[in-house]
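Coordinate inspection notes
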Amino acid sequence: MISENFEKSLEGLRELVNTLDEKHLLSYWIKGEYEEAKIHSELAKKAEELGLPPSFVSTLRKLTKEDKERGEGLKRLYLKTYGEEPGEVDITPIEAFSLLRALENPENLEFVFKIIMETGLIAKRLYERLSSITEVAGVRDFYTYLATMEWTHYQRLCGEAGLMGIDIGKMEEGFMKKGLL
């Protein structure tokens, strides 16, 4: 169960993000994708050190690669839209904040899968919301694409977790209670 402190911190981050204009919001998500890539990479290393199944390590490496690609895509979109390099936004990326919890107990596969999958669902919901409120067509389309990618990650992780004997149904019940599914 997610702690009350985590939920309060997450809500505080959401409120901060809601104060950003579109330009700074895009910078924020660029930073977030790169931070998420670092954490997935770290999880892959830990999984390998722990001797976890190679397919799980491979999945984490794929997520790392795709996070970097999304960060690069967002950066290209930013450059095209605003004609300058993205600025720094000093707010912890929500996905990274959430995903870091998986490093607390990397040998507990069910815990790691739950955190990674939940984080992806949170990101999917945020990208869908951003897509619905942005006024820049290209940015809206990219947020829709990012939401789709997060759903693809979630589905991939469901398959991997199922192969490892993790009860996906139980996990999804929790996600539904939180309004993520």
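Below, the structure is looked at part by part.

What counts, and at which threshold
Residues numbered from 1 in each chain as written. Predicted model: local features only at pLDDT ≥ 70, side-chain atom pairs only at ≥ 80, totals over all residues. Heavy atoms only, no water. Helix = DSSP H or I, 4+ residues; strand = E, 2+ residues; numbered from the N terminus. Rg over C-alpha atoms; globule rule 2.2 N^0.38 Å. Buried < 20%, exposed > 50% of the residue type's maximum accessible area, 1.4 Å probe, protein only. Contact = heavy atoms within 4.5 Å. Areas by Shrake-Rupley, 256 points an atom, 1.4 Å probe, with all protein chains shown as cover. Lys, Arg positive; Asp, Glu negative; His and termini not counted. Charge placed at Lys NZ, Arg CZ, Asp CG, Glu CD. Phe/Tyr/Trp six-rings, centres within 6.5 Å; stacked < 30°, edge-to-face > 60°. Core = buried A, V, L, I, M, F, W, Y, C linked by side-chain atoms within 4.5 Å.

1. Points about the overall build of the chain
Tallying secondary structure elements over the chain gives seven helices and zero strands in all. Its helices and strands taken in sequence order, the chain reads α-α-α-α-α-α-α from the N to the C terminus. Its C-alpha atoms give the chain a radius of gyration of 16 Å, within 12% of the compact-globule value 16 Å for 181 residues. Looking at the chain residue by residue over its 181 residues, the buried ones come to 46%. In the chain, 76% of the contacts between residues at least 6 apart in sequence involve partners at least 24 apart. Accessible surface computed for the chain: about 9,200 Å², of which carbon and sulfur atoms make up 52%. In the chain, which carries 25 positive and 33 negative side-chain charges, the distance between the mean positions of the two groups comes to 2 Å.

2. With respect to the side chain of His40
Inspection of the secondary structure assignment puts His40 in helix 2 (residues 22–49). For His40, a relative accessible area of 2% translates into the label buried. Every residue in contact with His40, bar those within four places of it in the chain, is listed here: Leu60, Leu63, Thr64, Asp67, Leu99 and Ile116.

3. Details of the packing of aromatic side chains
Enumeration over the complete set of coordinates arrives at eight aromatic pairs. Both rings, one in Trp29 and one in Tyr127, keep their centres 4.6 Å apart while their planes meet at 45°; by these two values the pair is tilted. Of the two residues, Trp29 sits in helix 2 while Tyr127 sits in helix 5 (residues 109–133), which places them 98 residues apart along the sequence. Relative accessible area serves as the criterion here: at 2%, Trp29 is assigned to the buried category. Linked through ring pairs, Tyr28, Trp29, Tyr127 and Tyr143 together constitute an aromatic cluster.

4. Some details on the nonpolar core
The biggest cluster of nonpolar side chains holds 51 residues, and the ones touching the most others in it are Trp29, Phe113, Met117 and Tyr143. When contributions to this core are tallied by element, the ones reaching two or more residues are helix 2, helix 3 (54–82), helix 4 (94–99), helix 5, helix 6 (137–163) and helix 7 (168–177). The element best represented in this core is helix 5, accounting for 12 residues. If we ignore the near neighbours within four places in the chain, the residues touching Phe113 are Phe56, Leu157, Glu160, Ala161, Met164, Ile166 and Met171.

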